[in-house]
2 protein chains.
Amino acid sequence: MYTESIEDYLKAIYEIQKEHAKVSTNSLSEKLNVAPASVTSMIKKLSEKKLVTHKRYQGVKLTKAGQKISLEIIRHHRLIELYLAEALGVPWDQVHEEAEKWEHVLSEDLEDRMDAVLGYPTRDPHGAPIPSRDGTIAELDSIPLADLRSGQSAVVAEVSDHDPDLLRYVGKMGLYPKAKFKVLSIEPFNGPIKIKVDGSEHVLGSGAAQYVFVTEVKGSTTGAT
Amino acid sequence: MYTESIEDYLKAIYEIQKEHAKVSTNSLSEKLNVAPASVTSMIKKLSEKKLVTHKRYQGVKLTKAGQKISLEIIRHHRLIELYLAEALGVPWDQVHEEAEKWEHVLSEDLEDRMDAVLGYPTRDPHGAPIPSRDGTIAELDSIPLADLRSGQSAVVAEVSDHDPDLLRYVGKMGLYPKAKFKVLSIEPFNGPIKIKVDGSEHVLGSGAAQYVFVTEVKGSTTGAT
DNA sequence: TATCATTTTTAGATGAGTCTAAATTCTATT
DNA sequence: AATAGAATTTAGACTCATCTAAAAATGATA
Ligand SMILES: [Mn+2]
Ligand SMILES: [Mn+2]
Ligand SMILES: [Mn+2]
Ligand SMILES: [Mn+2]
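Residue positions are given per chain, counted from 1 along the sequence in the order it is written. Think of it this way: whatever chain is written first is A, whatever ligand is written first is 1, and the rest follow in order. It should be noted that, the model being predicted, local features are given only for residues of pLDDT at least 70 and side-chain atom pairs only at 80 or more, the latter also being counted only at that level, while totals for whole chains, interfaces and linings use all residues. Calculation of side-chain values draws on the structure's entire complement of heavy atoms; hydrogens and water are dropped beforehand.

Q: Just checking my understanding: could you explain the protein's contact with DNA strand D for this structure?
A: Every one of the 22 residues lining DNA strand D counts as a neighbour, but Thr3, Ala35, Ser38 and Lys45 of chain A together with His54 of chain B are closest to it. Residues are classed as near a molecule or strand on a simple rule: at least one heavy atom within 4 Å of it. Those atoms of DNA strand D that come within 4 Å of the protein belong to sugar or phosphate at a rate of 78%. Between N or O atoms, a polar contact is any pair within 3.5 Å; within protein, one atom must be a potential hydrogen donor and the other a potential acceptor, and residues adjacent in sequence are included only when both atoms are from side chains. Contacts to DNA strand D include tyrosine 9 of chain A, whose side-chain N or O atom sits 3.4 Å from a phosphate oxygen. With respect to DNA strand D, the backbone of tyrosine 57 of chain B contributes an N or O atom lying 3.2 Å from a phosphate oxygen. Think of it this way: any DSSP run of H or I at least four residues long counts as a helix, any run of E at least two long counts as a strand, and we number them from the N terminus. The set of elements that each furnish at least two residues to the surface near DNA strand D consists of helix 1 (4–20) and helix 3 (36–48) of chain A together with helix 2 (25–32) and helix 3 (36–48) of chain B.

Q: What am I meant to see in the relation of the copies chain A and chain B here?
A: Between the two copies of this chain, the relationship is a rotation about some axis together with a displacement along it. Mapping chain A onto chain B calls for a rotation angle of 180 degrees and an axial translation of 0.0 Å; the resulting RMSD is 0.0 Å. Each copy turns onto its partner about a two-fold axis. Rotation axis and chain A: the residue whose C-alpha lies nearest the axis is tryptophan 102 of chain A, separated from it by 3.3 Å. When checking whether two residues touch, look at their non-hydrogen atoms; a contact exists if any pair is within 4.5 Å. In this assembly, 100% of the residues forming the interface of chain A have copies in chain B that are likewise at the interface, indicating an isologous arrangement. Alignment of the copies relies on least squares applied to C-alpha atoms, considering only residues that score at least 70 for pLDDT in both.

Q: What's the story with the sheet that holds strand 7 (residues 200–204) of chain A in this structure? I'm lost.
A: Within a sheet, adjacent strands bond to each other through the backbone by hydrogen bonds, running parallel or antiparallel. All names here are of chain A. Only strands that DSSP links by at least two bridges are regarded as paired with each other. Within the open sheet, the 6 strands sit side by side as 3-8-4-5-6-7. Their pairing is antiparallel. On the outer flanks of this sheet lie strand 3 (143–144) and strand 7, each paired with one strand and no other. Judged from the 6 bridges that link them, strand 4 (residues 153–159) and strand 8 (residues 212–217) form a sheet pairing that is antiparallel. In the sheet register, valine 159 faces strand 8, and the bridge partner there is valine 212.

Q: Is there a simple way to explain the interface of chain A and chain B in this structure?
A: A common way to report how large an interface is uses the accessible area buried once the components associate. Tallying the contact residues gives 19 residues for chain A and 19 residues for chain B. Accessible area that two parts lose when put together, evaluated with a 1.4 Å probe and summed over both, is termed the buried area. For the pair chain A and chain B, the two sides together bury roughly 1,500 Å², of which 60% comes from carbon and sulfur. When the buried surface of chain A facing chain B is broken down by residue, Leu88, Glu98 and Arg113 of chain A rank first, second and third, together holding 36% of it. Taken together, the connections running from chain A to chain B amount to 7 residue pairs in polar contact (both at pLDDT 80 or more). Going through the elements one at a time, helix 4 (64–88), helix 5 (95–102) and helix 6 (108–117) of chain A are the ones with two or more residues in the side of chain A that touches chain B.

Q: I would appreciate a short explanation of the packing of aromatic side chains in the present structure.
A: Within a pair of aromatic rings, the relevant descriptors are the distance that separates the centres and the angle that separates the planes. Put simply, two rings from Phe, Tyr or Trp (the six-membered ring, in Trp's case) pair if the centres are within 6.5 Å, and we call them stacked under 30 degrees between planes, edge-to-face over 60, tilted for the rest. Inspection of the entire model under this criterion finds 3 aromatic pairs over all chains. Note on tryptophan 92 of chain A and tyrosine 176 of chain A: the rings are 4.6 Å apart at their centroids and 55 degrees apart in plane angle, and the pair reads as tilted. Of this pair, tryptophan 92 of chain A sits in the loop between helix 4 and helix 5 while tyrosine 176 of chain A sits in the loop between helix 7 (164–172) and strand 5 (180–186), placing them 84 residues apart in sequence. Residue exposure (1.4 Å probe, protein chains only): buried if accessible area is under 20% of the type maximum, exposed if over 50%, otherwise partly exposed. Taking relative accessible area as the criterion, tryptophan 92 of chain A reaches 10% and is therefore assigned buried. Aromatic pair tryptophan 102 of chain A and tryptophan 102 of chain B: ring centres 3.8 Å apart, planes at 15 degrees, arrangement stacked. Of this pair, tryptophan 102 of chain A sits in helix 5 while tryptophan 102 of chain B sits in helix 5 (residues 95–102), which puts the two residues in different chains.

Q: I would appreciate a short explanation of the side chain of glutamine 152 of chain A in the present structure.
A: All names here are of chain A. With respect to the helices and strands, glutamine 152 occurs in the loop between strand 3 and strand 4. Judged by relative accessible area, which is 9%, glutamine 152 ranks as buried. Side-chain polar atoms of glutamine 152 contact the backbone nitrogen of arginine 149, separated by 2.7 Å. Within polar-contact distance, the side chain of glutamine 152 engages the side chain of glutamate 216 at 3.0 Å.

Q: Is there a simple way to think about the nonpolar core in this case?
A: Here is a general trend for soluble globular proteins: nonpolar side chains tend to be buried in one another's company. Membership of the largest hydrophobic core comes to 31 residues, with the highest contact counts inside it found for Trp102 and Met114 of chain A together with Met114 of chain B. In this structure, tryptophan 102 of chain A is in contact with Ile80, Leu84, Leu110 and Met114 of chain A together with Trp102 and Val105 of chain B, ignoring residues within four places of it in sequence. By nonpolar core we mean a set of buried residues, namely Ala, Val, Leu, Ile, Met, Phe, Trp, Tyr and Cys, connected to one another through side-chain atoms within 4.5 Å.

Q: Explain helix 4 of chain A here, please?
A: Every α-helix winds through 3.6 residues per turn, so residues three or four apart in the chain are directed the same way. Helices are assigned an expected span. That span is 1.5 Å times one less than the residue count. Across its 25 residues, helix 4 of chain A extends 35 Å between first and last C-alpha, which sits within 8% of the 36 Å expected from 1.5 Å per residue. Immediately beyond the C-terminal end of helix 4 of chain A, within one or two residues, lies glycine 89 of chain A, with a positive phi of roughly 65 degrees.

Q: Just checking my understanding: could you explain the coordination of the manganese ion (ligand 1) for this structure?
A: Tetrahedral metal sites with four donors have an ideal angle of 109.5 degrees; octahedral sites with six donors have ideal angles of 90 or 180 degrees. Residue and element names in this part refer to chain A. Coordination here is defined by N, O and S atoms within 2.8 Å of the metal (3.2 Å for Na, K and Ca), and since water is not considered, a site can look incomplete. Distances from the manganese ion (ligand 1) to its protein donors, Asp8 (OD), Glu100 (O), Glu100 (OE), Glu103 (OE) and His104 (NE2), fall at 2.1 to 2.4 Å. Motif for the manganese ion (ligand 1), donor spacing along one chain: D-x91-E-x2-E-H. One end of the pair, aspartate 8, is in helix 1; the other, glutamate 103, is in the loop between helix 5 and helix 6, and 95 residues separate them in sequence. Judged by its relative accessible area of 16%, aspartate 8 falls in the buried class. For glutamate 103, a relative accessible area of 0% puts it in the buried group.

Q: Can you help me understand the pairing of strand 4 of chain A in this one?
A: As a general feature of sheets, a regular strand has side chains that alternate between the two faces. All names here are of chain A. Taking burial as the measure, the 7 residues of strand 4 include 6 buried ones, the bulk of the element. Relative to strand 5, strand 4 runs antiparallel, the two being bridged by 3 bridges. Following the sheet pairing, alanine 154 is matched in strand 5 by phenylalanine 181.

Q: Is there a simple way to explain the coordination of the manganese ion (ligand 3) in this structure?
A: Residue and element names in this part refer to chain B. Bound to the manganese ion (ligand 3) on the protein side are Asp8 (OD), Glu100 (O), Glu100 (OE), Glu103 (OE) and His104 (NE2), at distances that span 2.1 to 2.4 Å. Linear spacing of the donor residues for the manganese ion (ligand 3) on their chain is D-x91-E-x2-E-H. Placement of the pair is aspartate 8 in helix 1 (residues 4–20) and histidine 104 in the loop between helix 5 and helix 6 (108–117), with a sequence separation of 96 residues. Both residues of the pair, aspartate 8 and histidine 104, belong to the buried class.

Q: Looking at this structure, how should I read the pairing of strand 7 of chain A?
A: All names here are of chain A. Sheet topology places strand 6 (residues 193–197) next to strand 7; 5 bridges connect them, and they run antiparallel. Bridge assignment links lysine 194 to a residue of strand 7, and that residue is valine 203. Between strand 6 and strand 7, which pair antiparallel in sequence order, lie 2 residues; one of them, aspartate 198, sits at a positive phi of approximately 50 degrees.

This is how it looks when you write it as structure tokens:
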């Protein structure tokens, strides 16, 4: 077993790696809210444990072993989020914080029981894929809502779960995973985006639209307004 | 918020205090599996934080503040144990270990939700009372099964939950909380105890019988064998 | 290509919790 | 009352994860 701190570092490295190829000391420092010097010293430790490879000044990369642990913790995290939402009615903007702690003390037995009770789910409440026990994960390729054009229809695939305010904000518009919506208009220069979800219209700032990931619904790329 | 370690010390002090009036350094050392010297240094810290009072060489006692936290953690622990047993089917000999970790990271909100889902229970799976939110607890006065005499009938009130082997052992005989049984015979000199539970007979060592707490059922103190 | 701002690492310190070994205090028994 | 044995505390060290301040390496740009 690894410490909570090590597990959080590995998880953070995985998440940054998914988007940026280069996982820098600074990016970890920001994501984990620790000083860059602290990251360096933890990197040294992870490297000694063969959980990451590290070229000085060049960032880190997970080893196979590191990725395995990382996905194990992410599985815990997302199963817990879903369990809290489904079984105990915890709102989707609060599940992350709870899971962030619980994920480190969940036994394999309980993990299996929750998985079974939930019917072996594949997505967490924010639409993120749940890695399987053996460390497989189906990352989906979706695009930010902000990249859509006027007239396009799309389905929400995933919403970033790190900011509860954001979740409440987009939740109020009904932008949950699997929600279908249509872009009515997009103002230029990162202006507001008007959308129609489930019959009602909403306006959404481009900031938020960066963090809502969608897949386009084909055969609907026509007319604007 | 206090550290996991502090919470575990407070809990241990509460539990020892319940039985022994004097909470010694050594008793804590044994219960928590740490060296006596470690206990002393932690006692110093707890004392500075006004969570315990301490006379050198004379043991510790919880302050009001210390007891409040202690009961808060015990509430977490027991609610979690019951939740795991009821909602997820975790066997009663495994819930303790899981709760020992989870208790420290449970939010008040989730505590309330679990409490509600369980219907505001008053006993954990081992029969121990669950403290209320405001720190009230109904300690029951029961006696060890080992103290019964031949012919007496009694009801299981509580079983010590610290040894999974013990729980499996007495569980096999049906000695769960609320189970009614009759003592058929007790061999002298801490000999084995023959009991009848739910129609079937079992023999139980006096060691185990020390850890099963019962309340006598009146009007049945007659004839032996 | 030399310079400089940015990034990363090193150096050294801190706090929490633990340990072992040694000193101290208590207490039960002579 | 003296003393031996047990319990407790002190002293000093260690690991883990963090910090700040200073040094070193990188790489963009003038
Ligand atoms: Mn975490
Ligand atoms: Mn999530
Ligand atoms: Mn605990
Ligand atoms: Mn219990």
